Amino acid sequence: MRFLLDLMCGGLRAYLRMCDHDTAYAGDRGLEADDDLIAVAGDEDRTVVTRGVALAARADESILLESRDVEAQLAELDAAGVDLTLADEPAFCGRCNGPLESVDPSASTPEYAPDPTAVEIWVCRDCGQYFWRGSHWDRVAETLSRVRDS
């Protein structure tokens, strides 16, 4: 799915991207006015995710969330039919939503990244951020499991 998160739902970005949803965030694009969000969502065929009743009513496709808590918002998305399964092969950067590509095991990586011969690593083609399945991945998996089991 392709989403556009309004400013009130930014905490969902990384979760949705890690579940292979193309997820744009209004704050990353300087979108504040409802008219601007609606225009971008229409132009890019995105579903607006918002806590704003008026915005949800005006958007062609929207999911209205009630909670302010990220885990509760994830539960609302799950109830709305959004697949919250972590991707086997992630496609979207958790930081900028850019495309990810696998890092060759023989490639050099930054000091903060693990050895690519020991762990599968991806790099964002847009911002250069490196990703791997580490403790953050495990915490996200636990959160999504709680959400789906509730």
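Heads up: these notes are all about the structure in this document. Source: prediction; values computed, not measured.

## Structural notes on the overall build of the protein
(1) Moving on: The helix and strand tally for the protein stands at six helices and seven strands.
(2) Moving on: Across the protein, helices and strands are ordered from the amino to the carboxyl terminus as β-α-β-α-α-β-α-β-α-β-β-β-α.
(3) Moving on: Relative to the compact-globule value of 15 Å for 150 residues, the protein shows a C-alpha radius of gyration of 16 Å, a close match.
(4) Moving on: Projected onto its principal axes, the C-alpha coordinates of the protein cover approximately 50 × 35 × 20 Å.
(5) Moving on: Counting over 150 residues, the protein shows a buried share of 42%.
(6) Moving on: Within the protein, counting contacts between residues at least 6 apart in sequence, those at least 24 apart form 50% of the total.

## Let's talk about helix H3 (residues 34-43)
(1) Moving on: All buried positions along H3 are accounted for by Leu-37, Ile-38, Val-40 and Ala-41. The buried residues of H3 occupy an angular sector of 165° when the element is viewed end-on, so they sit on one face.
(2) Moving on: At its buried positions, H3 is contacted by strand S1 (2-5), helix H2 (26-29), strand S3 (47-50) and helix H4 (53-58).
(3) Moving on: Backbone geometry just downstream of H3 places Asp-45 in the positive-phi region, at approximately 55°.

## Observations regarding the nonpolar core
(1) Moving on: In terms of nonpolar packing, the biggest core is built from 21 residues, with Leu-12, Leu-16, Val-49, Leu-77, Leu-84 and Leu-144 touching the most fellow members.
(2) Moving on: The element contributing the most residues to this core is helix H6 (residues 135-149), with four residues.
(3) Moving on: Every residue in contact with Leu-84, bar those within four places of it in the chain, is listed here: Leu-16, Cys-19, Leu-74, Asp-78, Leu-144, Val-147 and Arg-148.
(4) Moving on: Within the second largest apolar cluster, eleven residues are counted, among which are Ala-26, Leu-31, Val-40 and Leu-55.

## A short note on the environment of Arg-17
(1) Moving on: Here Arg-17 shows up in helix H1 (residues 13-18).
(2) Moving on: C-alpha separation for the pair Arg-17 and Leu-77, spaced 60 residues apart in sequence, amounts to 14 Å.
(3) Moving on: Every residue in contact with Arg-17, bar those within four places of it in the chain, is listed here: Thr-23, Ala-24, Tyr-25, Asp-28, Phe-92, Cys-93, Gly-94, Arg-95, Cys-96 and Asn-97.
(4) Moving on: Of note is the side chain of Arg-17, whose polar atom sits 3.1 Å from the backbone oxygen of Gly-94.

## Some remarks on the pairing of strand S2 (residues 22-25)
(1) Moving on: Every second residue of S2 is oriented toward a common face, with Asp-22 and Ala-24 on one face and Thr-23 and Tyr-25 on the other, all of them buried.
(2) Moving on: Bridging between S1 and S2 involves four bridges; their strand directions are parallel. Looking at S2, one finds that Arg-2 is bridged to Asp-22.
(3) Moving on: Read as a crossover between parallel neighbours, the route from S1 over H1 to S2 is right-handed.

## Observations regarding the sheet that holds strand S5 (residues 100-102)
(1) Moving on: In space, the three strands of this open sheet follow the order S5-S6-S7, with antiparallel pairing throughout. In this open sheet, the two strands that pair with only one neighbour each are S5 and strand S7 (130-132). Taking each pair of neighbouring strands and ignoring which way they run, the sheet shows an average axis angle of 35°.
(2) Moving on: Taken together, the three bridges between S5 and strand S6 (residues 121-124) define a ladder with antiparallel strand orientation. From the neighbouring strand, Leu-100 faces S6, where its bridge partner is Cys-124.

Reading guide: rules and limits
Residues numbered from 1 in each chain as written. Predicted model: local features only at pLDDT ≥ 70, side-chain atom pairs only at ≥ 80, totals over all residues. Heavy atoms only, no water. Helix = DSSP H or I, 4+ residues; strand = E, 2+ residues; numbered from the N terminus. Rg over C-alpha atoms; globule rule 2.2 N^0.38 Å. Buried < 20%, exposed > 50% of the residue type's maximum accessible area, 1.4 Å probe, protein only. Contact = heavy atoms within 4.5 Å. Arc of directions from axis to C-beta. Core = buried A, V, L, I, M, F, W, Y, C linked by side-chain atoms within 4.5 Å. Polar contact = N/O pair within 3.5 Å; in protein donor to acceptor, adjacent residues only side chain to side chain. Pairing = 2+ DSSP bridges. Right-handed = clockwise from strand over helix to strand, strands pointing away. Axes fitted to C-alpha atoms, helices over the stretch in contact; angles between N-to-C directions.

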